[in-house]
Amino acid sequence: MGAQNGKICVTEEQLDTFIKSSGMEKEKVKEQCQVFCKTHPKGRMNKNEFADFAKIALKNTKKIDMKGMAEHIFRMYDTDQDGYVTFIEFMVVYNIMVNGNAEENLGKIFLIFDVNNDGIISEEEMNVLVKHICVMIEGPDEFERSKDIANMAFKEMDKDKNGEVTKEEFILAVLEPEKVSKFLALKVIDIFV
């Protein structure tokens, strides 16, 4: 994305790349871009704007407290990790979540769990995220139970028992009949539907 005459614009190359990857028509992509840029004149959202956007976009879900989860979800969309979500980043991740296969979707969900963006999930990261998921969905009474769920999920996912969960281990645990891992992934997916 760039600026032209003081207005944010998406280059033809960016549009073409997204059109090819999404299968959307060019006019539909341009229309969505105009709406995004009107709402976000700088052509991007910071974490606070994204949190506000997530509350609006997910207002029809039964979830109430997006405060704890908005930062985690932001990481999934901020693909270049510059602290902002651009229109293209938003549309690419949105398209994957809507049209992607299970492995692609779980790869994006992995980014929610990888709190420090180092490519692995530590036991501490698992505890933080599971606490936010449980409190957001079930309420503050679920804090104690969240520790047990996090520990069970981490043990299921950490196949090589090296104290960290890779993206591959995460995806395998969720796709295999691992009960707690699947439960957590479904809870994250439940946020979006």
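Let us look at the structure shown here. (Residues numbered from 1 in each chain as written. Predicted model: local features only at pLDDT ≥ 70, side-chain atom pairs only at ≥ 80, totals over all residues. Heavy atoms only, no water.)

### Remarks on helix α6 (residues 102-113)
With 12 residues, α6 should reach 16 Å at 1.5 Å per residue; the first-to-last C-alpha distance of 17 Å fits that figure. Residues of α6 that are buried include every one of Asn105, Leu106, Gly107, Lys108, Ile109, Phe110, Ile112 and Phe113, and no others. Regarding α6, its N-cap is asparagine 101, as a side-chain oxygen of that residue lies 3.0 Å from the backbone nitrogen of glutamate 103 further along. (Helix = DSSP H or I, 4+ residues; strand = E, 2+ residues; numbered from the N terminus. Expected span 1.5 Å × (residues − 1). Buried < 20%, exposed > 50% of the residue type's maximum accessible area, 1.4 Å probe, protein only. Polar contact = N/O pair within 3.5 Å; in protein donor to acceptor, adjacent residues only side chain to side chain.)

### Some points on the environment of lysine 47
Residue position: lysine 47 is located in helix α3 (residues 47-57). Classification of lysine 47 as partly exposed rests on a relative accessible area of 43%. A sequence separation of 23 residues divides lysine 47 from alanine 70, and the C-alpha atoms of the two residues are 7.9 Å apart.

### Here's the deal with unusual backbone geometry
Trans is the common state for peptide bonds, and a negative phi is the common state for residues other than glycine. Phi angles above zero are rare outside glycine, and asparagine 117 is one such case at about 55 degrees. With respect to the helices, strands and loops of the structure, asparagine 117 is situated in the loop between α6 and β5 (120-122). Judged by its relative accessible area of 29%, asparagine 117 falls in the partly exposed class. Non-glycine residue lysine 161 carries a positive phi angle of around 55 degrees. The residue lysine 161 is located in the loop between α8 (143-157) and β6 (164-166) in this model. Relative accessible area serves as the criterion here: at 61%, lysine 161 is assigned to the exposed category.

Any link to function would need more than the numbers given here.
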